[in-house]
Amino acid sequence: MLSELEWAVVGLSLKVSLAAVLLTLPVAYGLAWLLARRRFPGIIVLDALVHLPLVVPPVVTGWLLLVLFGRNGAIGAWLESALGITLVFNWTGAALAAAVMALPLMVRAMRLSIEAVDRRFVEAARSLGAGRWRAFATITLPLSLPGIAAGATLGFARSLGEFGATITFASNIAGQTRTLPLAIYSGLQVPGAEEQVARLAVISILLSLAALLVSEWLVRRSAGRRAHVL
Amino acid sequence: MFFEISLRHRIGERDLAFDLASDAPLTAIVGVSGAGKTTILNCVAGLIRPDEGRIAIAGETLFDSATGVDVPPERRRAGYVFQDARLFPHMKVEANLAYGERMARSEDRWIARDRVIELLGIGHLLARYPANLSGGETRRVAIGRALLSGPRFLLLDEPMASLDAERAEIMRQLVEQIRDELSLPTLLVSHDRAEVERLAGQGISLD
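Residues numbered from 1 in each chain as written. Chains lettered and ligands numbered in written order. Predicted model: local features only at pLDDT ≥ 70, side-chain atom pairs only at ≥ 80, totals over all residues. Heavy atoms only, no water.

Some thoughts on the interface of chain A and chain B
So, step 1. Opposite the 22 residues of chain A that make contact, chain B presents 23 residues.
So, step 2. On the surface where chain A and chain B come into contact, there are 3 salt bridges.
So, step 3. Between chain A and chain B we count 6 residue pairs in polar contact (both at pLDDT 80 or more) in total.
So, step 4. At the level of secondary structure, the elements contributing two or more residues to the side of chain A that touches chain B comprise helix H6 (119-127) and helix H7 (132-143) of chain A.
So, step 5. Its residues assigned to classes, the side of chain A that touches chain B shows 10 nonpolar, 5 polar and 7 charged. (Contact = heavy atoms within 4.5 Å. Salt bridge = Lys/Arg side-chain N within 4 Å of Asp/Glu carboxyl O. Polar contact = N/O pair within 3.5 Å; in protein donor to acceptor, adjacent residues only side chain to side chain. Helix = DSSP H or I, 4+ residues; strand = E, 2+ residues; numbered from the N terminus. Nonpolar A, V, L, I, M, F, W, Y, C, P; charged D, E, K, R; others polar.)

Comments concerning the pattern of salt bridges
Residue and element names in this part refer to chain B.
So, step 1. Tallied over the full model, the rule gives 27 salt bridges over all chains.
So, step 2. Residue Arg-49 is joined to Asp-70 by a salt bridge in which the shortest nitrogen-to-oxygen separation is 2.8 Å. In this pair, Arg-49 is assigned in the loop between helix H1 (37-45) and strand S4 (52-57) and Asp-70 in strand S6 (residues 69-70), connecting sequence segments 21 residues apart.
So, step 3. With a relative accessible area of 32%, Asp-70 lands in the partly exposed category. (Buried < 20%, exposed > 50% of the residue type's maximum accessible area, 1.4 Å probe, protein only.)

Re the nonpolar core
So, step 1. Counting 41 residues, the largest nonpolar core has Ile-139 of chain A together with Val-44, Phe-88, Tyr-99, Leu-155 and Leu-187 of chain B as the members making the most contacts within it.
So, step 2. With 5 residues, H1 of chain B is the single largest residue contributor to this core.
So, step 3. The contact partners of Leu-187 of chain B, leaving out residues within four places of it in the chain, are Phe-3, Ile-5, Leu-20, Thr-27, Ile-29, Leu-41, Val-44, Leu-154, Leu-155 and Leu-156 of chain B.
So, step 4. Core analysis: the second largest hydrophobic core is formed by 38 residues, Ala-85, Leu-119, Ile-122 and Val-175 of chain B among them. (Core = buried A, V, L, I, M, F, W, Y, C linked by side-chain atoms within 4.5 Å.)

As for unusual backbone geometry
Residues and elements named next belong to chain B.
So, step 1. One non-glycine residue, Ala-58, lies in positive phi territory at about 50 degrees.
So, step 2. Looking at the secondary structure, you find Ala-58 in the loop between S4 and strand S5 (60-64).
So, step 3. Of note in the backbone geometry, Arg-77 takes a positive phi value of approximately 55 degrees without being a glycine.
So, step 4. In this structure, Arg-77 sits in the loop between S6 and strand S7 (78-81).
So, step 5. By relative accessible area, which is 25% here, Arg-77 ends up partly exposed.

A short note on the sheet that holds S7 of chain B
All names here are of chain B.
So, step 1. What the 5 strands build is an open sheet, ordered S7-S8-S9-S3-S10; its pairing is parallel. With partners counted over all chains shown, the strands left at the sheet margins are S7 and strand S10 (202-206), one partner each. Strand-to-strand twist of the sheet, defined as the mean angle between neighbouring strand axes without regard to direction, takes the value 15 degrees.
So, step 2. Pairing of strand S3 (residues 26-31) with S10, which is carried by 5 bridges, proceeds in the parallel orientation. Across the sheet, the residue bridging to Val-30 is Ser-205, located in S10. (Pairing = 2+ DSSP bridges. Axes fitted to C-alpha atoms, helices over the stretch in contact; angles between N-to-C directions.)

What to know about the environment of Gln-196 of chain A
All names here are of chain A.
So, step 1. Looking at where Gln-196 falls in the secondary structure, it is placed in helix H11 (residues 194-225).
So, step 2. A sequence separation of 190 residues divides Gln-196 from Glu-6, and the C-alpha atoms of the two residues are 8.5 Å apart.
So, step 3. Once residues lying within four places of it in the same chain are set aside, the contact partners of Gln-196 are Leu-5 and Glu-6.

Considerations on helix H2 (residues 43-55) of chain A
Residue and element names in this part refer to chain A.
So, step 1. Given a rise of 1.5 Å per residue, 13 residues ought to cover 18 Å, and the 18 Å separating the end C-alpha atoms of H2 matches this to within 8%.
So, step 2. By the largest-angle criterion, Leu-49 marks the main kink of H2, which is about 30 degrees, and a proline, Pro-53, follows within four residues.
So, step 3. For H2, the complete set of buried residues consists of Ile-43, Val-50, His-51 and Pro-53.
So, step 4. Residues of H2 that are buried make contact with helix H1 (4-37), helix H3 (58-69) and helix H5 (91-115). (Expected span 1.5 Å × (residues − 1). Bend = angle between axes of the 7 residues up to and from the residue.)

Regarding the side chain of Arg-152 of chain B
Residue and element names in this part refer to chain B.
So, step 1. Residue position: Arg-152 is located in the loop between helix H4 (135-148) and strand S8 (153-157).
So, step 2. The exposure class of Arg-152 is buried, given its relative accessible area of 18%.
So, step 3. At a separation of 2.8 Å, a polar atom in the side chain of Arg-152 contacts the main-chain carbonyl oxygen of Ile-57.

Here's the deal with a nonpolar patch on the surface
So, step 1. A surface patch of nonpolar side chains, amounting to about 470 Å² of accessible area, comprises Val-45, Leu-49, Leu-52, Leu-54 and Val-55 of chain A.
So, step 2. Relative to the assigned elements, Val-55 of chain A resides in helix H2. (Patch = residues over 30% accessible without salt bridge, like charges linked within 9 Å, V, L, I, M, F, W, Y side chains within 5 Å. Areas by Shrake-Rupley, 256 points an atom, 1.4 Å probe, with all protein chains shown as cover.)

Some details on the sheet that holds S4 of chain B
All names here are of chain B.
So, step 1. Taken in spatial order, the 5 strands of this open sheet run S2-S1-S4-S5-S6, and their pairing is antiparallel. Of all strands in the sheet, those bounded by a partner on one side alone are strand S2 (14-22) and S6.
So, step 2. In this structure, S5 lies alongside S6, joined through 2 bridges in antiparallel fashion. Directly across from Asp-64, in S6, lies its bridge partner Val-69.

Here you go:
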């Protein structure tokens, strides 16, 4: 089975990805709701900004994170002095990098499912006495649950594979930021690690496949019960 | 006066102008489809904000562009029965019925759930999801949900449309029953003049 080192890499990857998804979930849902339901000046700019990590070279995203969240960065310096949080060279930094890279995919999935929630149901809820927030919590949120689940799983899979922004921002430190892709990359740099690289690659494929299957299962399960969604 | 409605609203290329003052507890708006009947109900329910005008029901002003009054939909206590019912697809019939009831203040709940279920004959449907209801059943549940939300008035959008003759007759009797037994100010929208003549104390045409 897996060696101790491989378990450590897999464990770290899962921890980083889970943290990234949990961090991004509320932000992504809020952005998805704004983009799906509101019309305001600058919405095109916001839409483009959200999608930027999808098209910008990951190394540039990593560099931007370094500028903002590095030890001397605008936000990073404050985080360190006020809260004692250091992101660079730390697994939390890897999680932040993965979160930013996963954001566009999560927003896309959630936005589609919020757009699929018929506004007429929200109107019905309002006429029955529900204020905006209550109508959101009882109608829009539960009806867009399949999209939240699909977005979260997609984001998780994307986080597991995150490489460029992570190595640029959080660096490649064993036990801290050396997730599966970074471990594979490191293995390729030294002679004689071919077998380990192959094993890690297979684990990587299996984990991604599992994430996709879970997302598919979640959507089907809920779409079967709620015949109107998706 | 049960209904005092006077509104101007522009929909796309068309100007909708509508004036109604009625003392009949069941008042009907008749007109061909596309005349703006549903728009008027949406204005009364607070789902559309008219460009200008005044809407008052049983003496309470819900909207007045002159004084800036615009009561939000959740506080208008409208029992709106949509033509497309709009039952919440992720809730069973029972939860749909309870949705508005739970939010109504106890002093506003003037009818018991058992009475509504009996009146509408929907007791056997409680455990079903809306996707598994027929057209007539769906509409009865929608009426029940509206009645249980503690409404001050009812808005019925084409309650008989797209039901077969037998079901339409049951629905007609139900509307008569609501009119006679519940004495709730009701605004009914229909394209069917004969239906309106039978049911409504006062009808107004919209062309």
